[in-house]
Number of protein chains: 4
Amino acid sequence: MNIKLGKNAYGKNAVNLSKIIRHADYHEFRQISVSVALEGDFETAHTLGDNSKILATDTQKNTVYVLAKEHFTDGIEDFALYLSAYFLNNNPQVTRTNIEIIEHPYQRMAFNGDTHPHAYIGGGSEKHTTSIVQDADGLVITAGIKDLLILKTTDSGFEGYIKEQYTSLKETADRILATQCQATWTYNSTSLNFTQLFGQIRTTLLKTFAFHKSLSVQQTLYAMGEAVLQTYPEVTEISLVMPNKHHIPFNLDQFGMDNKNEIFIATDEPFGYITGTVVRG
Amino acid sequence: MNIKLGKNAYGKNAVNLSKIIRHADYHEFRQISVSVALEGDFETAHTLGDNSKILATDTQKNTVYVLAKEHFTDGIEDFALYLSAYFLNNNPQVTRTNIEIIEHPYQRMAFNGDTHPHAYIGGGSEKHTTSIVQDADGLVITAGIKDLLILKTTDSGFEGYIKEQYTSLKETADRILATQCQATWTYNSTSLNFTQLFGQIRTTLLKTFAFHKSLSVQQTLYAMGEAVLQTYPEVTEISLVMPNKHHIPFNLDQFGMDNKNEIFIATDEPFGYITGTVVRG
Amino acid sequence: MNIKLGKNAYGKNAVNLSKIIRHADYHEFRQISVSVALEGDFETAHTLGDNSKILATDTQKNTVYVLAKEHFTDGIEDFALYLSAYFLNNNPQVTRTNIEIIEHPYQRMAFNGDTHPHAYIGGGSEKHTTSIVQDADGLVITAGIKDLLILKTTDSGFEGYIKEQYTSLKETADRILATQCQATWTYNSTSLNFTQLFGQIRTTLLKTFAFHKSLSVQQTLYAMGEAVLQTYPEVTEISLVMPNKHHIPFNLDQFGMDNKNEIFIATDEPFGYITGTVVRG
Amino acid sequence: MNIKLGKNAYGKNAVNLSKIIRHADYHEFRQISVSVALEGDFETAHTLGDNSKILATDTQKNTVYVLAKEHFTDGIEDFALYLSAYFLNNNPQVTRTNIEIIEHPYQRMAFNGDTHPHAYIGGGSEKHTTSIVQDADGLVITAGIKDLLILKTTDSGFEGYIKEQYTSLKETADRILATQCQATWTYNSTSLNFTQLFGQIRTTLLKTFAFHKSLSVQQTLYAMGEAVLQTYPEVTEISLVMPNKHHIPFNLDQFGMDNKNEIFIATDEPFGYITGTVVRG
């Protein structure tokens, strides 16, 4: 039986780039991390060490910095689209690109309602993401949110599940629901106001989470995805990853006290891991 | 020459606790991580394995959860003071306590200006901290901020430093100044409105950073500390740790382009590490 | 257009378990992290909040601990197979399981050639992994290595790649090749001596890396995969992920010195990211 | 009351450097992370933004790389001593240096007993550390180990501790003792064979841990420190940090089974935190 190369890709990851866009009355600061992956005619690179078709990952990195000067002026989706087309058009040996960008959030400082023109505060875990996968057949564009830590202190329960020999969990009609949510959705067009849409979809996700009477993480996940698809015709499908960050009531009974759902052990591991995609069809 | 026990301490770290405080019209959600360290008459525990004076770290953990029910109702400084006194008063073998609390920030979600009664968003890197060190001589109480990522796109330069044989850095009158700041300050009293003061001091730190015409990280650090001491008589001294998160201009010259201070390589390591304490005297 | 549930799964992640297996003359210590994911008839859980078919993730966790007592006695592959079959056979609503186990390495301490019966040293980044995906059509079993940090100081070059307008990388016939390798391979049977095979395949990977005259990461990756397929008929395909951990020669020229390939800047980001699968066919 | 500058320092952290030392028959690969901190006459830098006495941290970084060429040829202690003296002697404004180096461990690959001349495996969590603090009064040199994950499956108990109202921990004469140990010791001379001593002290620490009949973490910590002081007259004192990485017996009783000390929940947080210094006197 022969041995041969299967699926393969290569590129530069974690190209960390910041940019100052100087507006008339303030400086816009942006910080992103770009990853490029290329697929194509790279078989002899693997089997013979022939690098003649290899665009060095160092060159890819340079390209990202250079192109950012003129073309990173709006949403990360727009810049990712530009990069994807650039690598595809300038490299005939490349048959598919995969560009991913993560944007690190910074907000302008504000004092007594006045926004400062060039001072920023950053460091939130929540990040805006995008990916473009493009080949001769077209492209798929997604946007998303990563590490969105959301939590509700009530309107969440978990009851009616299977009771069997290894079940020890107690049913509850009132628990903390907390998740470090990741949402990724697919757009049906490359000509959208991505920045505005991102903000709107984010609000829809938060609002649905906040107002949902949750019977399970699964049900809340579905409601969040459904709300996005109902509201935004530009979105064709949405995937949600909702790890259940458990807040476990501390046992005060053992010390003769009553825990009226107020003191919890905040745990990281193990965690429930709930994933689902909501689609049209 | 004899061998003997020197300085020693023990306790429970990372007691991760969350609490819901139910107000009339909303739920207040708090998440903290408590560390307890005890010093005292523990020599025979070390030399003989005599545990008779050892308050098990598991018991310390239980104590934190139990006491949180009645006594974690306000600032983390207040709860730390309570815990410190509790351990000291209930354990004659303990001569010194060191309580540290880190609070993880959560904000109530708001939609169209309406704050939701029980839905929260968290995940910021910035954390509120406190520590109490207490013994028979009294106590030292500090509060602080950790992992405060702040950045300004201008009003920062670095010039006039030593030029010697291994100097390659170019002087600049206009650079990005970014730091993941840690500030820790000491209060002169245990009877303060800690929550309000924390917010005010945080604003003073941010404001000074934002409006300072920085000639170096050292100068900005000093200005920030000085502003806090000038404004808050309750603060006796303040220490600042300001790692310099470098944003290095990407060399566009090599590609025949001009980098007008707009495209940067955002780096994590190595980093300048600037620390200083500002005191009264 | 209707909205409906697409692909979905749920389970418990990071079930961190340790076990002592008491042999006649020594204690065997094992530490693993188990993740369970279930797919199946869970549509109404999402759309109606009907939990009647939900095996709580807490119950899954308990099940892992309970079954470890009798059934985690050999390789993690064997335990994963047992868990997978258990969840599938005992839950008619489940149509597909995905069990993943990561084993954290511990070695028995040895002094002057004598292995200690119950003292261990751990903490290596390298981990042994396995995954089982099983449904009515059968199962796919993989094993692998994660976070294997390997490096060679010579016998590695990178030349002959595309030179274009944004290329600044210099060709070299002698560079450091370093990678934090991840390898995952598929077995053709569930009745193998997995522990022995893992050790043998690991050695083949290391040996190929060490002795290969590398013209590129791609070529070394392919050689490593090819060697495994050539040597082990039990392996049907192998995927390798080889991030290029760059060690960049420090520019001593600027200080009138010569860097004879001896002093390097060790960098984490950005990094080349090379992935490839080697298959039979 | 006046406001003034208190204790302050600055320098470059995380200068990540790798070096190939070419021996006749093999390549020695070393990877270290160097941190430099300087104290001295820097008051006007803080108060006036006067940088004329500032050795830029970028220059410090360059200096580390340059000096590594000739002077990083043996132990990290030797290189740290050289760096410390260099910065102190060449910068009259500097009154105190603090050099810290962490070495990342790499081992040469071996196949059938043959050590490969230039292929390495790395990635262990355990690291060798050193620090030099030097001023006009002399210097303090320490060496140490960080992130040493050690564990024993028996010969460890914890009994006879205080039982009070919040005690729920059960006494045990047989438990897992696991710790991610940090040890730091001070040498009485700068003219020692540091590399050899490090290896010997490490073995003494491991051996004492392995063979100790532990009644508590405190007792084992003291025994480890005592053994080092007893064996190595060059060591004047040793500090140990031993977080107790708890392995908690899983409750099998609830499912009608017996946990004969064999199945444990491996936890990260909270953790007991035991620290102690053993001194001569």
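Numbering of residues starts from 1 in every chain and runs along the sequence as written. Chain A is the first chain written and ligand 1 is the first ligand written, with later ones labelled in order. With pLDDT at 70 or above as the cut-off, local features in this predicted model cover only qualifying residues; side-chain atom pairs require 80 or more to be listed or tallied, and sums for whole chains, interfaces and linings still use all residues. Side-chain measures were taken over the full set of non-hydrogen atoms in the model, leaving aside hydrogen atoms and water.

S.K.: Go over helix 5 (residues 217–231) of chain A with me, naming the residues and quoting the values.
M.R.: Residues and elements named next belong to chain A. In this description a helix means any DSSP run of H or I spanning at least four residues, a strand means any run of E spanning at least two, and both kinds are numbered starting from the N terminus. Any helix carries an expected span of 1.5 Å times its number of residues minus one. Relative to the 21 Å expected for 15 residues at 1.5 Å per residue, helix 5 spans 21 Å between its end C-alpha atoms, a close match to the ideal helical length. Buried residues dominate helix 5, accounting for twelve of its 15 residues. Think of it in three bands: residues with accessible area under 20% of the maximum for their type are buried, residues over 50% are exposed, and the middle band is partly exposed, with areas taken using a 1.4 Å probe on protein chains only. Every buried residue belonging to helix 5 is among V217, Q218, Q219, T220, L221, Y222, A223, M224, G225, A227, V228 and L229, and all of these are buried.

S.K.: Describe the pairing of strand 7 (residues 127–135) of chain A, with residues and values.
M.R.: All names here are of chain A. The element strand 7 is extensively covered by neighbouring structure, given that eight of its nine residues are classed as buried. In this structure, strand 4 (residues 94–104) lies alongside strand 7, joined through eight bridges in antiparallel fashion. Paired with R96 across the two strands is D135, which belongs to strand 7. Here the rule is simple: two strands pair whenever DSSP picks up at least two bridges between them. Note that strand 7 and strand 8 (residues 138–152) share nine bridges and pair antiparallel.

S.K.: Explain the UniProt feature "binding site: O2" (unreviewed entry) in chain A residue by residue, including any values.
M.R.: Residue and element names in this part refer to chain A. UniProt positions are given in the numbering used here, feature names are shortened, and annotations may be inferred rather than shown by experiment. Following the UniProt record, the feature "binding site: O2" (unreviewed entry) maps to T57 and N244 here. Judged by maximum C-alpha separation, these annotated positions cover 188 residues in sequence and are scattered in space, the widest gap reaching 37.5 Å. Its location among the elements puts T57 in helix 2 (residues 57–71). A relative accessible area of 12% means that T57 is categorised as buried.

S.K.: Residues and numbers for the UniProt feature "active site" (unreviewed entry) in chain A, please.
M.R.: Per the UniProt entry, the sites bearing "active site" (unreviewed entry) are K12(A), T57(A) and H246(A) in this numbering. A maximum C-alpha distance of 41.1 Å is found for the annotated residues, which run over 235 residues; spatially they are spread out rather than grouped. Within the fold, K12(A) resides in strand 1 (residues 3–13). Contacts are assigned to residue pairs with any non-hydrogen atoms lying within 4.5 Å of each other. Those residues in contact with K12(A), other than ones at most four positions away along the chain, are V34(A), S35(A), V36(A), T57(A), D58(A), Q60(A), K61(A), H246(C), P270(C), F271(C) and G272(C). Residues in contact with T57(A), not counting those within four places in the same chain, are Y10(A), G11(A), K12(A) and G272(C).

S.K.: Would you mind going over the interface of chain D and chain B in detail, with residue names and values included?
M.R.: Interface size, as often reported, equals the accessible area lost upon joining of the parts. Chain D puts 71 residues into the contact, and the matching count from chain B is 71 residues. Contact between chain D and chain B buries roughly 5900 Å² in total, counting both sides, with carbon and sulfur atoms accounting for 57%. One speaks of a salt bridge when a side-chain nitrogen belonging to Lys or Arg is within 4 Å of a carboxyl oxygen belonging to Asp or Glu. Scanning the region where chain D abuts chain B turns up zero salt bridges. For the purposes of these results, a polar contact is taken to be a pair of N or O atoms within 3.5 Å, where, inside protein, one atom must be able to donate a hydrogen and its partner to accept one; residues adjacent in sequence count only when each atom of the pair is a side-chain atom. Taken together, the connections running from chain D to chain B amount to 35 residue pairs in polar contact (both at pLDDT 80 or more). Contributions of two or more residues to the side of chain D that touches chain B are made by strand 1 (3–13), strand 2 (15–22), helix 1 (43–47), helix 2 (57–71), helix 5 (217–231) and strand 13 (271–280) of chain D. Ranked by the residues each element gives to the side of chain D that touches chain B, the list is headed by strand 1 of chain D, at eleven residues. Among the residues making up the side of chain D that touches chain B, the classes are represented as 29 nonpolar, 31 polar and eleven charged. Buried area: the accessible area, evaluated with a 1.4 Å probe, that two parts lose upon being put together, summed over both parts. Under the grouping applied here, Gly and all other residues not named as nonpolar or charged are polar, the nonpolar ones being Ala, Val, Leu, Ile, Met, Phe, Trp, Tyr, Cys and Pro and the charged ones Asp, Glu, Lys and Arg.

S.K.: Could you give an account of the relation of the copies chain D and chain B, naming the residues involved and the relevant values?
M.R.: Overlaid copies result from least-squares superposition on C-alpha atoms, with residues included only where pLDDT is at least 70 in both. Taken as rigid bodies, chain D and chain B are interconverted by a rotation of 180° and an axial shift of 0.0 Å, the fit giving an RMSD of 0.0 Å. Viewed as a symmetry operation, the transformation between the two copies matches a two-fold axis. A shared interface surface links the copies, since 100% of the contact residues of chain D are contact residues in chain B too.

S.K.: Could you give an account of the side chain of R280(D), naming the residues involved and the relevant values?
M.R.: Residues and elements named next belong to chain D. Note that R280 resides in strand 13. Residues scored as charged are limited to Lys and Arg (positive) and Asp and Glu (negative), so that His and the chain ends carry no count. Buried charged residue R280 carries no salt bridge. Nearest counter-charge: E234, at 6.8 Å. There is a polar contact of 2.7 Å between the side chain of R280 and the backbone oxygen of L229. Within the local environment of R280, its side chain forms a polar contact with the backbone oxygen of V235, the two atoms lying 2.8 Å apart.

S.K.: Describe in detail the relation of the copies chain A and chain C, supporting the description with residues and values.
M.R.: With an axial shift of 0.0 Å and an RMSD of 0.0 Å, the rotation relating chain A to chain C amounts to 180°. Comparing contact sets, 100% of the residues at the interface of chain A also lie at the interface in chain C, consistent with an isologous, same-surface contact.

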